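Coordinate inspection notes
One letter stands for each residue in the lines below.
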There are 2 protein chains.
Amino acid sequence: MTNLDFSEKILSLLQDKKYAALQKYLETLEPADIAECMTDLLDDGELEERDLLRLFRLLPKELASDTFAEMDADLQEKLIGGFTDKELSEVLQDMFLDDTVDVIEEMPASVVKRILKAVDSDTRKSINQVLSYPEDSAGSIMTIEYVDLRPAMTVAEAFARIRETGVDKETIYICYIIGPTRKLLGLVSVRELLLAAPDTVLRDMMETNITAVSTLDDREDVANLFARYDYTALPVVDKENRLVGIVTVDDAIDVLQEEATEDIEKMAAITPSEHPYLRAKTLEIWKQRIPWLLLLMVSATFTGMIISGFEQALAAQAALIAFIPMLMDTGGNCGSQASVTVIRGMSLGEIELSDVLRVMWKEIRVSLMCGGVLGAVAFAKIMLIDGLLMGNPGITVPVAAVVCATLVCTVVLAKLVGCTLPMAAKKLGFDPAVMASPFITTIVDALSLLLYFQIASLLLGV
Amino acid sequence: MTNLDFSEKILSLLQDKKYAALQKYLETLEPADIAECMTDLLDDGELEERDLLRLFRLLPKELASDTFAEMDADLQEKLIGGFTDKELSEVLQDMFLDDTVDVIEEMPASVVKRILKAVDSDTRKSINQVLSYPEDSAGSIMTIEYVDLRPAMTVAEAFARIRETGVDKETIYICYIIGPTRKLLGLVSVRELLLAAPDTVLRDMMETNITAVSTLDDREDVANLFARYDYTALPVVDKENRLVGIVTVDDAIDVLQEEATEDIEKMAAITPSEHPYLRAKTLEIWKQRIPWLLLLMVSATFTGMIISGFEQALAAQAALIAFIPMLMDTGGNCGSQASVTVIRGMSLGEIELSDVLRVMWKEIRVSLMCGGVLGAVAFAKIMLIDGLLMGNPGITVPVAAVVCATLVCTVVLAKLVGCTLPMAAKKLGFDPAVMASPFITTIVDALSLLLYFQIASLLLGV
């Protein structure tokens, strides 16, 4: 079943006014699917806004909140516009705090005001706290719904507390044990509780050697901890080691996916977007792309100037012109292979800045091996295909030698530039992902042409 | 604390023969960190193989198994070589089945034989079953350790069974309810069990509307389900809907990370590797890169041929040569922006093959907007900087017009090629990620040069 099928079924039941059957059908779907169907139906003009509200009101309370949390901001804003204050309050009540904060971050001020009025004062306080953490920090993705226990409790008391508070807690399977000032003392898993005798005291069984992250830690670093250590939740503490929230594995997955997409977009000279491609407006996509295209186009001016400077020489040895694209492309490809490898390695935490010399030494060896093979193949190809087969009289052994010598130097240079620039960018506090193919290509283009003409004037005397 | 600190501390305790302190220290570390320290110490020559074995023997039983599962294949093979049969059997006994299968897949036949001899016959049977699923299938990443319950059990009986069997189960928080032939009937979470009265019968409370995957489903699709629906585990069933295993969220994260890395590598014309960059041998990195470089270099021959064909015209209008790099680079950048966006969108399931017309229509609009701006800026730049400022007499309005007309056409063409080729590749059953920057650039280079000379001969009569 695809979402298309879901949408069609929902639409046909709605149009036939079979509300009871529709309600039953909706209950079998996942929140993410319902949210996507609503967006699709609205985008395609199959649903009007008041149908949407009618559809949403059919959802049972908890499913309604979960579905609302999965919607994109446009749809959420439309729905909030139609909600009564009571409805808004009910939807928010069943949502996890981190999801509510996500909603708030996307809404205009007037809607934020309505939301903050609709929640109780405790929640409002927590929302404001989470909102105060910087974007991309662990604090901004944490939730404050977790089970906290005391060291003096027994296992039986712990279960009583989980039962009492656990219904709307995002993760109940790992419980945190805190001291009088909320200092994090240890943790215990429900699995260990299940296996322990009911009168065991938590102090005697809790795990005290725990990994906690700080509210200000980078969310990507936190997500990488989940990937590396297979956690399902991590406690978030403030500077005084007081427990303020937890990050759960589902949010960590979202961060990992988003960060990978952002890296990929930056590597292709695109400003990362908030919206999925098909949902983004044309103007938005244009804005993501045009600044980089302009910047790179203007940078290519230098390459043009280099060629202009050698115009006379090129007119005399016209055969050299034909190899410019091959040299530029190969240089660009070599450079982007090296840069992309290093950028991804740094994202995954496999390559540190201190590895710079090891990386360069590796790239020098790889590039000499690549350059050797490429140079030899290019020489044979030029002499046999361009010279003999195509009968181009401009192709001589010295010309082929110039091309191949340039090729080898370009490959080595491209790989060195490709591996060092991303690391230099990181060292300077910039995002290394920007130093991928497009920028490397522009730089390597200029360098390879300079080399080309230098070597040509040396060997051919042009 | 970084791994470097861990390694130094381990080494100094080992050299001072403070084994009791070392053992205590190791118990505070995560398995993944211990495994990495061992690899680093061995790679740097600080540890010999027999020290390694001594170090490993200090680990308590469960930590030893967890650490072993985190090691790379080389290290595992070295350790197995030093293990007695009893040691091997103990390490394997505490490992999860999916991890054991991962080990087996990397080992030479003689070691596999030893491993299969070291486990009991039930485990052997399960290992052989999991090994029989295709690589990249859900079956290959599933584990067979899960809690299965019967519909007639009460909550109290369910807890008794979890306590009895749950110690070495990978995920106990979601329990699966199966019928007489192991048919999957429903599931129940430990959270629901905790909140239910002890005499409730599972049949009356279990969730029957469940998502299950098939053993042969693609592992990337399965991992995407985790990302989309926030699952912590998914049941894996065979064709007859019989429960054969579960996939857990930690494995899903690994798959998502691996697939993102593979896509990134393929987009940069690199054959994906098994090893992290710093650990891969130079020859291995060379092998990942050289075939693509050769292929792309030879493809650039066509671009060279196009230029050769217009050698006479270029010699007459030498000013045109200087703009070749700018046109090629801009075309390449536009093409890779479109292709990378579409490739990532397809990986995330946001773009389907059926969206091809919507994608093309979007790219046409975006490319006209990009082309318009780039063309206008390029025209101004050529006339002002190249013409007036640099005083190049070859720069005339017709020349600038040729360049800018080519630029606009190239941008539109590049974006269309860039968005359609990955979708065409997927339609034909190839990996769309291969159709990224390098290939698109090579194709767009040739097309843009053909356009350039066509337009030049039209407008300039060369």
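Residues numbered from 1 in each chain as written. Chains lettered and ligands numbered in written order. Predicted model: local features only at pLDDT ≥ 70, side-chain atom pairs only at ≥ 80, totals over all residues. Heavy atoms only, no water.

**Focus on the confidence of the model for chain A**
A low pLDDT score tells you not to read the predicted coordinates there in detail. Applied cut-off: Scored between 0 and 100, pLDDT is the confidence that the predictor attaches to each residue.
Taken as a whole, chain A shows an average pLDDT of 88; of its residues, 99% reach a score of 70 or greater. For this predicted complex, the interface confidence reaches an ipTM of 0.81, while the overall pTM sits at 0.82.

**Some words on the packing of helix α5 (residues 61–70) of chain A against helix α7 (residues 85–93) of chain A**
All names here are of chain A. Rule in force here: Each axis is a line fitted through C-alpha atoms, and for a helix only the stretch in contact is used; angles between axes span 0 to 180 degrees, taken between their N-to-C directions. By the criteria applied, helices consist of DSSP H or I runs no shorter than four residues and strands consist of E runs no shorter than two, each listed in order from the N terminus. Throughout this description, any angle smaller than 35 degrees is read as roughly parallel, any larger than 145 degrees as roughly antiparallel, any in the 65 to 115 degree range as roughly perpendicular, and the remainder as oblique. Only heavy atoms matter for contacts: two residues are in contact if any of them lie within 4.5 Å across the pair. For this scheme, ten residues count as nonpolar: Ala, Val, Leu, Ile, Met, Phe, Trp, Tyr, Cys and Pro. Four count as charged, namely Asp, Glu, Lys and Arg, and the remainder, Gly too, count as polar.
Contact pair α5 / α7: the axes reach a minimum separation of 8 Å and the direction vectors enclose 80°. Of the possible angle classes, the one that applies to α5 and α7 is roughly perpendicular. Touching K61, S65 and F68 of α5 are E90, V91 and Q93, all from α7. For the contact of α5 with α7, a count of residues per class yields 2 nonpolar, 2 polar and 2 charged.

**Digging into the sheet that holds strand β1 (residues 146–149) of chain A**
All names here are of chain A. Formally: A strand pair is defined by DSSP finding two or more bridges across the two strands.
Here 3 strands make up an open sheet; going across it, the order is β1-β2-β3 and the pairing mixed. Strands at the two margins of the open sheet, each flanked by one partner only, are β1 and β3 (184–189). Neighbouring strand axes in the sheet, compared pairwise and without regard to direction, differ in orientation by 35° on average. Where β1 and strand β2 (residues 171–178) come together, 3 bridges link them in parallel fashion. By the bridge assignment for β2, L149 is matched with I177.

**Comments concerning the relation of the copies chain B and chain A**
Put simply, the test is: Copies overlap after least-squares fitting; the atoms used are the C-alpha atoms of residues with pLDDT of at least 70 in both.
For the pair chain B and chain A, the superposition axis carries a translation of 0.1 Å, the fit reaches an RMSD of 0.1 Å, and the rotation angle comes to 180°. These values place the two chain copies in the arrangement generated by a two-fold rotation axis. Rotation axis and chain B: the residue whose C-alpha lies nearest the axis is A315(B), separated from it by 2.7 Å.

**Observations concerning the packing of aromatic side chains**
To be explicit about the condition: The criterion for an aromatic pair is that two Phe, Tyr or Trp rings (for Trp, the six-membered ring) have centres within 6.5 Å, with stacked assigned to planes under 30 degrees apart, edge-to-face to planes over 60 apart and tilted to the rest. Classification of residues uses two cut-offs on accessible area relative to the type maximum, computed with a 1.4 Å probe and protein chains only: under 20% is buried, over 50% is exposed, and between them is partly exposed. Remark: a charge is flagged as sitting over a ring if the NZ atom of Lys or the CZ atom of Arg is within 6 Å of the ring centre and within 35 degrees of the ring normal.
Under the definition given, this model contains 19 aromatic pairs over all chains. Considering the side-chain rings of F56(B) and F68(B), the 6.2 Å spacing of their centres and the 70° angle between planes classify their relative orientation as edge-to-face. Here F56(B) is found in helix α4 (residues 49–57), whereas its partner F68(B) is found in helix α5 (residues 61–70), with 12 residues between them in sequence. Both residues of the pair, F56(B) and F68(B), belong to the buried class. Clustering of aromatic rings is evident, with ring pairs tying together F56(A), F68(A) and F83(A). The cationic tip of K9(A) hangs over the ring face of Y25(A); the distance from NZ or CZ to the ring centre is 4.9 Å.

**A short note on the interface of chain B and chain A**
Basically, it comes down to this: Summed over both partners, buried area is the accessible surface (1.4 Å probe) that two parts give up on being assembled. Basic side-chain nitrogens of Lys or Arg form a salt bridge, by our definition, when they fall within 4 Å of a carboxyl oxygen of Asp or Glu. Under the rule applied, a polar contact is a pair of N or O atoms within 3.5 Å (in protein, one hydrogen donor and one hydrogen acceptor; residues adjacent in sequence only if both atoms are side-chain atoms).
Of the residues lining the interface, 115 residues belong to chain B; the matching set on chain A comes to 115 residues. Both faces combined, the contact of chain B with chain A buries some 10,200 Å², and carbon together with sulfur accounts for 64% of it. Applying the counting rule to chain B against chain A returns 6 salt bridges. Between D33(A) and R228(B) there is a salt bridge; the shortest N-O distance is 2.8 Å. In this assembly, chain B and chain A are joined by 40 residue pairs in polar contact (both at pLDDT 80 or more).

**Focus on the environment of P60(B)**
Its place among the elements puts P60(B) in the loop between α4 and α5. With 33 residues separating them in the primary sequence, P60(B) and E27(B) have C-alpha atoms 7.8 Å apart.

**Regarding empty space enclosed by the protein**
Rule in force here: We place a 1 Å grid over just the protein atoms. Points where a 1.4 Å probe fits but has no way out form a cavity, open points with protein on both sides within 12 Å along at least 5 of 7 lines form a pocket, and any residue with an atom within 4 Å of a point lines it. Grid points are joined across faces, edges and corners, and a volume is the space filled by probe spheres set on the points.
Under the defined criterion, the tally for this structure stands at 5 cavities of 30 Å³ or more. By volume, the largest cavity is sized at about 220 Å³. Put simply, the parts of the chain that give the lining of the largest cavity at least two residues each are α19 (324–347) and α22 (437–459) of chain A together with α19 (324–347) and α22 (437–459) of chain B. Looking at the lining of the largest cavity, its residues break down into 4 nonpolar, 10 polar and 4 charged. Forming the walls of the second largest cavity are I264(A), M267(A), A268(A), V340(A), S437(A), P438(A), I264(B), M267(B), A268(B), S336(B), V340(B) and S437(B). For the lining of the second largest cavity, the elements supplying multiple residues, two or more each, are α16 (249–267) and α22 of chain A together with α16 (249–267) and α19 of chain B.

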